[in-house]
Amino acid sequence: MPRVRIEAEPAALVVDLAAAALVIIDMQRDFLEPGGFGEALGNDVTRLRRAVAPCKAVLDEARRLGLLVIHTREGHRPDLSDAPRHKVERGDPANRIGARGPMGRILVRGEPGHDIVPELYPLTSEPVIDKPGKGAFYQTDLELMLRNRGIDTLFVAGVTTEVCVNTTVREANDRGFRCIVLSDCCASYFPEFHDAGLAMIKAQGGIFGSVTASPHLLRSLAAVGNQKIA
Ligand code: TIU
């Protein structure tokens, strides 16, 4: 089984790729495109677009090697019965979760805006986790899926760095999964929160996990050559 050394902060790591997965968090049109939830919350969505190309490069390499890839989407049932009241009632009523926007009902499963951006669209073989919360482990079968596959290490990408990425990494850390967050594959509407979100993960000897930039991972994966992981 291929093992690779990856440059990371606070320290380099050795990863058994057969026990690793790429988890891409919430790269949904609602967060990344105009007219969605992100913009409805008053955010500049172009700030998130910069993560798409690095994510695509890592996704392509993961697919080439046969690394397990899991996508997540934040969103709710059409009747919003799985959405806490305070979450639904946040913000301008015209732009709330469940309200009708240019990409359908905001953050509702099955609507165009809820789906993943075309550049990173999942293959049918790649599990998609629909999650009602910020963390990908909360009320989902992600942990079951990872344990069934013997996964102990997660490469984490997606948006936003300080919200769903950080929440997921903290949940994963408590469950015993090692997280390696790909800094340029994550993004935030607030650059300072992106930086702080990454700093919090890798501080204190990597209290929640490690951080690296995608070129380091890509270099390590390229060294595997044409060996297939699975
Ligand atoms: N608003 C914001 O920064 N994020 C979210 O609402 N969800 C995710 O991060 N996916």
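Calculation notes
- Residues numbered from 1 in each chain as written.
- Predicted model: local features only at pLDDT ≥ 70, side-chain atom pairs only at ≥ 80, totals over all residues.
- Heavy atoms only, no water.
- Core = buried A, V, L, I, M, F, W, Y, C linked by side-chain atoms within 4.5 Å.
- Buried < 20%, exposed > 50% of the residue type's maximum accessible area, 1.4 Å probe, protein only.
- Helix = DSSP H or I, 4+ residues; strand = E, 2+ residues; numbered from the N terminus.
- Contact = heavy atoms within 4.5 Å.
- Pairing = 2+ DSSP bridges.
- Axes fitted to C-alpha atoms, helices over the stretch in contact; angles between N-to-C directions.
- 1 Å grid on protein atoms, 1.4 Å probe; cavity = no way out; pocket = protein on both sides within 12 Å on 5 of 7 lines; lining within 4 Å.
- Points joined across faces, edges and corners; volume = space filled by probe spheres on them.
- Nonpolar A, V, L, I, M, F, W, Y, C, P; charged D, E, K, R; others polar.
- Near = heavy atom within 4 Å.
- Polar contact = N/O pair within 3.5 Å; in protein donor to acceptor, adjacent residues only side chain to side chain.
- Areas by Shrake-Rupley, 256 points an atom, 1.4 Å probe, with all protein chains shown as cover.
- Sits in = over half its atoms within 2 Å of the grid points.

Chemist: Would you mind showing me how to read the nonpolar core here?
Modeler: Taken as a class, soluble globular proteins show a tendency for nonpolar side chains to be buried jointly. Core analysis: the biggest nonpolar cluster contains 46 residues, and Val15, Leu17, Leu22, Met27, Leu67, Leu120 and Phe155 have the highest contact counts within it. Of all the secondary structure elements, the ones that give two or more residues to this core are strand S1 (3-6), strand S2 (13-16), strand S3 (20-25), helix H1 (29-32), helix H4 (52-65), strand S8 (153-159), strand S9 (178-187) and helix H9 (214-222). Per-element accounting of this core gives the leading share, six residues, to H4. Beyond its immediate sequence surroundings of up to four residues, valine 15 is in contact with Pro2, Arg3, Val4, Ile6, Ala20, Thr153, Phe155, Arg178 and Ile180. Counting 24 residues, the second-largest nonpolar core is a separate cluster that includes Val23, Leu142, Phe177 and Ile201.

Chemist: Could you clarify how one ought to interpret the sheet that holds strand S10 (residues 210-212) in this entry?
Modeler: Sheet strands pair by backbone hydrogen bonding; their relative direction is either parallel or antiparallel. Ordered by their spatial adjacency, six strands build an open sheet running S7-S4-S3-S8-S9-S10, and the pairing between neighbours is parallel. For this open sheet the edge positions go to strand S7 (128-131) and S10, each flanked by a neighbour on one side alone. Pairs of neighbouring strands in the sheet enclose a mean axial angle of 25 degrees, with direction left out of account. One ladder, built from three bridges, connects S9 with S10; its direction is parallel. Its bridge partner lying in S10, leucine 182 is registered against threonine 212. Its contacts with the sheet place H4 against S3, strand S4 (68-74), S8 and S9, and it is angled at close to 135 degrees to S9. Lying over the sheet, H9 contacts S8, S9 and S10, oriented at roughly 120 degrees with respect to S9.

Chemist: What should I look at first to understand the layout of surface pockets in this one?
Modeler: Where empty space is left in the structure can be found by rolling a water-sized probe over the atoms. Space inside the largest pocket adds up to approximately 230 Å³. Lining of the largest pocket is provided by 15 residues; of these, Phe31, Leu41, Thr160, Val163 and Tyr189 occupy positions nearest its centre. Mapped onto the lining of the largest pocket, the elements with two or more residues apiece are helix H2 (37-40) and helix H7 (161-174). Of the residues contributing to the lining of the largest pocket, the split by class is eight nonpolar, three polar and four charged.

Chemist: How should the site of the ligand be read in this particular structure?
Modeler: Around the ligand, the structure places Asp26, Phe31, Leu41, Glu74, Val159, Thr160, Val163, Cys164 and Tyr189. Within the side chain of aspartate 26, a nitrogen or oxygen atom sits 2.7 Å from a nitrogen atom of the ligand. A distance of 2.9 Å separates an oxygen atom of the ligand from a polar atom in the side chain of threonine 160. Taken by itself the ligand offers 280 Å² of open surface, and the protein chains cover 93% of this. According to the grid-proximity analysis, the pocket containing the ligand is the largest pocket. Here the residues of the shell around the ligand sort into six nonpolar, one polar and two charged.

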